[in-house]
Amino acid sequence: MPDSAGEFIDPERRLWVPWTRRKFLGAAGLTAAGLAAGPLLEACGGGGSSQSSSSPSSTKVPQPRSGASIRLLQWVHFVPAADTEFIRQCEEFGSKYGVKVAVERITADQLQTKTAAAVEASSGPDIIQMQYGWPHLYTSQCEDVTNEVNILTQKLGAVAQVNDSFSKVDGVYRAVPFTVVPNAWTYRTDYFQKAGLNAWPKTWDAFADAAGKLKAAGLPPISQSVGHAYGDSLTMWNPVLWSHGGKEVNSDGKSAAINSKETRAAIKWAQGAVKAGLVVHPEWLDPDNNQAYHADRISATLNGASIYLREKNEFHHFDKVTDNGVVPAGPKGLFTMNLIFNHAVMKYSPEKETAKALLLYLMDKDNYLKYTKIAGGYNAGPFAAFENDPVFFGPDADPKMKSFQQVVKPGKWPGWPAPPSKQTAQAQTQYIVADMFGKSLQNNGAGDAESAVKEAESRLKAIFERPA
Amino acid sequence: MGTIADRVATPGAGRIRSRLAAREARLGYLLLLPTVAVLVVFLAWPFLFGLWLSLTSAELQDPGRFIGLANYKFEFTVDRPFLQAFTNTFLYTGVTTVFKLGLGMVMALLLNQVFPLQRFVRAALLLPWIIPTVLSTLAWKWMFDPTFSVVNWLGVHLHLITYPGPNWFGNTGSALVALMIVNVWRGMPFYGISFLAGLQTIPTDLYEAARVDGASRWQQFIYITVPKLRPVLLVVLLLSTILTFADFQVPFILTNGAPFNSTHVLATWAYQWGVPGGAIGLGAAVSVVLFPLLAVLVAGTLLLLRRPE
């Protein structure tokens with residue numbers, strides 16, 4: 001039990017948190033250190049016009065060590081130019097501070113395997129890109145970066161809710177918020193017009209109606225993965241569940257809640273949509289819907305902006321007849337889910353200070369805006385200061401990209417409304433929600449929904465109600 | 001000058017011989033040491049460590065505590081995908097072994113004939129086994145791809161199936177069949193080449209004598225080929241069964257459990273718990289659950305090998 005002497009309000013989570021003597025002393029120390037941090041903040045691109053100073057404590061800016069070597073592990077970006085810019089910024093940091101920075105890139109589906117190996121071996125990259133709730137899985141190897149996040153919130157404002165929930169474990173930041181990869185619908189305007197549809201549907205019912213009209217007109221279908229795709233499947237079926245009022249687990253994060261009439265309502269909608277004309281693919285992984293769209297096999301699919309951006313920048317086959325739309329809303333409102341990446345400094349790293357300094361450099365506002373500009377809106381910033389990113393709102397912004405910006409705020413995380421945890425991460429990696437929908441949608445939407453719900457409940461209980 | 005035999009026969013030669021033998025035995029054990037060390041470090045220790053982990057609540061970066069058989073109880077009573085993976089593993093191993101055995105034998109018998117470009121054909125048929133599994137499995141993944149399947153394209157153009165053809169990885173049954181096809185394709189050359197080596201050791205005069213006695217081709221096969229191939233056949237079966245039970249690459253790359261966990265095998269399910277899920281104790285329990293059965297299988301095969309024909 002903490003030696004409680006009072007309580008304070010955690011400004012990020014609006015929860016009452018015990019205020020301990022240790023926390024008080026820590027905050028006081030950080031405040032003192034922060035008085036000297038001004039010039040260093042400036043060096044990190046901060047200084048001057050701070051728009052927010054609501055951070056709970058002051059900060060100490062990490063100093064890069066000249067001669068240090070840093071390895072950073074991350075995914076291969078779906079927009080290749082974004083990787084080039086990211087590496088350029090790392091090299092720029094390296095030459096400025098005499099640090100050797102190596103950026104290792106592997107496909108996203110391999111990233112977790114390599115991360116788990118590094119965590120278990122206590123050896124590997126100094127910085128690892130953490131997807132979704134990994135900081136909750138690998139907490140013990142993720143360095144406390146609360147100080148660095150506080151530096152960033154002073155400069156850039158509050159952290160986006162989902163990045164915050166994923167990065168913060170028991171009140172301690174275990175990763176520096178890095179980015180959101182918004183997921184919206186990309187669709188063929190020519191096919192929609194041929195089917196008598198003049199706009200992207202705003203509700204799931206209108207969406208099912210649109211799928212039916214495309215089918216009736218003999219046009220390529222709206223298609224989506226219902227399989228084990230780490231992005232496209234999760235970003236589709238979790239929002240469908242939430243927007244009908246369903247959830248995997250109660251907000252206590254301890255008891256399965258999938259077996260509900262709301263879940264059945266979500267499945268009933270999905271079965272109706274499939275019967276109308278939505279085509280779901282249990283075998284599709286993340287690249288499959290991209291390929292199908294570029295090959296003119298489908299009319300619409302839910303994805304990051306890469307399909308549209310590659311059409312616009314590389315292929316030029318359907319860019320003129322492609323637009324993007326926000327995820328439709330259900331009876332309980334608009335819910336979305338996006339890919340979330342944050343950077344963890346690993347505890348085993350001998351160059352933690354340099355690694356932290358590099359992350360601050362990459363999150364410097366000017367640097368970050370260069371990155372999102374080159375990524376063309378595939379990424380959105382995880383701090384309040386990036387909400388008006390010119391890539392979405394500037395004079396040269398592509399109006400077709402606006403939908404990707406609009407899906408960021410309604411975003412939730414797998415397991416919501418329970419806070420992210422080891423268990424929510426396990427349920428996510430086992431694709432329990434996607435499998436439940438997948439089973440129910442077999443045989444053209446005539447699968448056994450009852451058995452699918454019960455199986456999902458049993459699997460969730462196995463995770464959330466398993467004795468420690 | 002006496003002969004070697006003379007020298008050996010002299011008094012004291014026995015003592016020298018026994019000293020030499022003892023020295024040779026020591027040298028033998030010494031030469032064995034590196035192999036034993038490798039086996040202990042890379043086989044025995046990881047296996048025993050895995051066994052220990054399966055009895056603990058270990059998670060990534062947390063050694064956990066001893067929980068007895070709780071992980072096994074959880075798997076068999078609560079974890080439904082485990083039961084599916086358990087069944088799939090037996091089905092996958094059983095069906096593919098039968099096909100690899102049959103097709104491998106046919107391949108060996110054909111390759112044992114004399115025909116033009118014999119060596120080239122022998123080498124070419126080994127290709128599936130030589131190509132790295134990941135690469136060949138990725139190629140198969142494309143061939144079964146629902147959008148761009150060359151298998152379906154061929155089937156449709158040969159009027160064998162109607163457009164668009166089966167969604168191989170989209171249905172529970174066909175996804176498992178697709179896994180089996182790839183495994184058989186990859187594993188068959190191992191059987192074929194091993195059987196071919198065995199066939200070439202069978203003396204041809206046995207067949208000639210059988211032909212003189214009026215034995216049919218089938219009788220020659222049953223009464224000469226099969227008994228003479230028995231040792232090779234048992235060893236190949238044993239190795240292949242163990243490798244197929246533990247197959248990870250093909251199921252992981254082709255389906256990773258999709259659709260709806262219907263194609264998980266024990267290896268991929270162990271990975272699912274242990275690596276993405278971080279529950280190392282559970283993952284270890286899933287991976288060693290087959291050990292008792294495989295131990296019996298190995299012991300049985302070794303006994304059969306010892307038995308005279």
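Report on the accompanying structure. (Residues numbered from 1 in each chain as written. Chains lettered and ligands numbered in written order. Predicted model: local features only at pLDDT ≥ 70, side-chain atom pairs only at ≥ 80, totals over all residues. Heavy atoms only, no water.)

## Things to note about the pattern of salt bridges
Residues and elements named next belong to chain A. A full pass over the atoms with the stated rule returns 23 salt bridges over all chains. As a salt-bridge pair, Arg65 and Glu351 come within 2.6 Å of each other at their nearest N and O atoms. In this pair, Arg65 is assigned in the loop between helix H2 (38-43) and strand E3 (69-75) and Glu351 in the loop between strand E15 (339-345) and helix H14 (352-363), connecting sequence segments 286 residues apart. Across the pair Asp398 and Lys312 runs a salt bridge, and its minimum N-O distance is 2.9 Å. (Salt bridge = Lys/Arg side-chain N within 4 Å of Asp/Glu carboxyl O. Helix = DSSP H or I, 4+ residues; strand = E, 2+ residues; numbered from the N terminus.)

## Some words on the sheet that holds strand E5 (residues 127-131) of chain A
Residue and element names in this part refer to chain A. The strand order across the open sheet formed by five strands is E4-E3-E5-E15-E8, and the pairing between neighbours is mixed. Two strands in the sheet have a free side with no partner beyond their single neighbour: strand E4 (100-106) and strand E8 (176-181). Taking each pair of neighbouring strands and ignoring which way they run, the sheet shows an average axis angle of 20°. Here seven bridges tie E3 to E4, and the two strands are oriented parallel to one another. Residue pairing in the sheet places Ser69 in a bridge with Lys100 of E4. (Pairing = 2+ DSSP bridges. Axes fitted to C-alpha atoms, helices over the stretch in contact; angles between N-to-C directions.)

## Looking at the interface of chain B and chain A
On the side of chain A, 38 residues touch chain B, which itself brings 36 residues to the contact. Taken together, the two surfaces of chain B and chain A that pack against each other cover about 3100 Å², and 54% of this comes from carbon and sulfur. On the chain B side of the interface with chain A, the three residues burying the most area are Leu60, Gln61 and Phe260 of chain B, jointly 23% of the side's total. Across the chain B-chain A interface, the total number found is one salt bridge. Residue Glu59 of chain B is joined to Lys422 of chain A by a salt bridge in which the shortest nitrogen-to-oxygen separation is 2.8 Å. Across the contact surface, chain B and chain A share eleven residue pairs in polar contact (both at pLDDT 80 or more). Taken together, the elements giving at least two residues each to the side of chain B that touches chain A come down to helix H4 (80-111), helix H7 (133-143), helix H13 (266-274) and helix H14 (280-288) of chain B. Per-element accounting of the side of chain B that touches chain A gives the leading share, four residues, to H13 of chain B. (Contact = heavy atoms within 4.5 Å. Buried area = accessible area lost by both parts, 1.4 Å probe. Polar contact = N/O pair within 3.5 Å; in protein donor to acceptor, adjacent residues only side chain to side chain.)

## Observations concerning the packing of aromatic side chains
Within this structure, the stated rule accounts for 48 aromatic pairs over all chains. Relative to Phe386 of chain A, the ring of Tyr368 of chain A lies with its centre 4.5 Å away and its plane at 40°, an arrangement referred to as tilted. Within this pair, whereas Tyr368 of chain A is found in helix H15 (residues 365-375), its partner Phe386 of chain A is found in the loop between H15 and helix H16 (390-393), the two being separated by 18 residues in sequence. Looking at Phe386 of chain A, the relative accessible area reads 3%, which means it is buried. Here Tyr191 of chain B and Phe195 of chain B contribute two aromatic rings whose centre-to-centre distance is 5.9 Å and whose plane-to-plane angle is 80°, an arrangement assigned as edge-to-face. Of this pair, Tyr191 of chain B and Phe195 of chain B are both found in helix H9 (residues 172-199), four residues apart, which corresponds to roughly one turn of the helix. A single burial state applies to Tyr191 of chain B and to Phe195 of chain B, both of which are buried. (Phe/Tyr/Trp six-rings, centres within 6.5 Å; stacked < 30°, edge-to-face > 60°. Buried < 20%, exposed > 50% of the residue type's maximum accessible area, 1.4 Å probe, protein only.)

## Quick notes on the environment of Lys114 of chain A
All names here are of chain A. Residue placement: Lys114 occurs in helix H4 (residues 108-121). Judged by its relative accessible area of 36%, Lys114 falls in the partly exposed class. A sequence separation of 41 residues divides Lys114 from Leu73, and the C-alpha atoms of the two residues are 9.0 Å apart. Setting aside chain neighbours within four positions, we find Lys114 in contact with Leu73, Glu104 and Ile106.

Note that every value here comes from positions in space, so none of it alone points to a role or purpose.
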